[in-house]
Amino acid sequence: KTVDKKFTDFDKKDQEQTTNIVTNKLKSVFEQIGDIFNNGLIKPIMALFLGIGNIFIQLFNILTLIVGKLISLPSCLFTYIAVEFFNIIYNSDLDLLSR
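Scoring rules and cut-offs
Residues numbered from 1 in each chain as written. Predicted model: local features only at pLDDT ≥ 70, side-chain atom pairs only at ≥ 80, totals over all residues. Heavy atoms only, no water. Helix = DSSP H or I, 4+ residues; strand = E, 2+ residues; numbered from the N terminus. Rg over C-alpha atoms; globule rule 2.2 N^0.38 Å. Buried < 20%, exposed > 50% of the residue type's maximum accessible area, 1.4 Å probe, protein only. Areas by Shrake-Rupley, 256 points an atom, 1.4 Å probe, with all protein chains shown as cover. Lys, Arg positive; Asp, Glu negative; His and termini not counted. Charge placed at Lys NZ, Arg CZ, Asp CG, Glu CD. Phe/Tyr/Trp six-rings, centres within 6.5 Å; stacked < 30°, edge-to-face > 60°. pLDDT = per-residue confidence, 0-100. Contact = heavy atoms within 4.5 Å.

Q: Teacher, can you tell me more about the overall build of the protein here?
A: The secondary structure content of the protein amounts to one helix and zero strands. Against the globule reference of 13 Å for 99 residues, the protein gives a C-alpha radius of gyration of 40 Å, more extended than a compact globule. Taking the principal axes of the C-alpha coordinates as reference, the protein spans close to 135 × 25 × 15 Å. With 99 residues in all, the protein has 0% of them scored as buried. In the structure as shown, the protein presents an accessible area of about 9,400 Å², 70% of it carried by carbon and sulfur atoms. In the protein, which carries 10 positive and 10 negative side-chain charges, the distance between the mean positions of the two groups comes to 14 Å.

Q: What's the story with the packing of aromatic side chains in this structure? I'm lost.
A: For any pair of aromatic rings, the description rests on two quantities: the centre-to-centre distance and the angle between the ring planes. This model, assessed by the stated rule, comprises one aromatic pair. Judged by centre distance (5.9 Å) and plane angle (65 degrees), the rings of phenylalanine 85 and phenylalanine 86 are edge-to-face.

Q: I tried to follow the confidence of the model for the protein on my own but got confused; where do I start?
A: Should pLDDT be low for a region, the predicted coordinates there are not to be read in detail. When pLDDT is averaged along the protein, the result is 83; 91% of the residues meet or exceed 70. Low pLDDT, under 50, characterises residues 94–99; the predicted model gives this stretch zero contacts beyond four residues in sequence or across chains.

Written out as structure tokens, the structure reads:
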């Protein structure tokens, strides 16, 4: 009976260790592999796409500013014409007076 009991105890310990190895160790290995893929591939690729997206957003903002300035040019055009007209008149008068 003692030999039979030793085999039964060994069988129980063996089942517990096998269950421990399969459930805990194997689970830990797959979690580590998942972390490696997440930190080594997924996060850098996401950062790359976010960076590229940010570049396009900034380009769109720059183009929006340029279009806004081009649209505001006709309203400023009359101001520029008036300023230059008065500069031409006053500069020509000053030139005539200095001669």
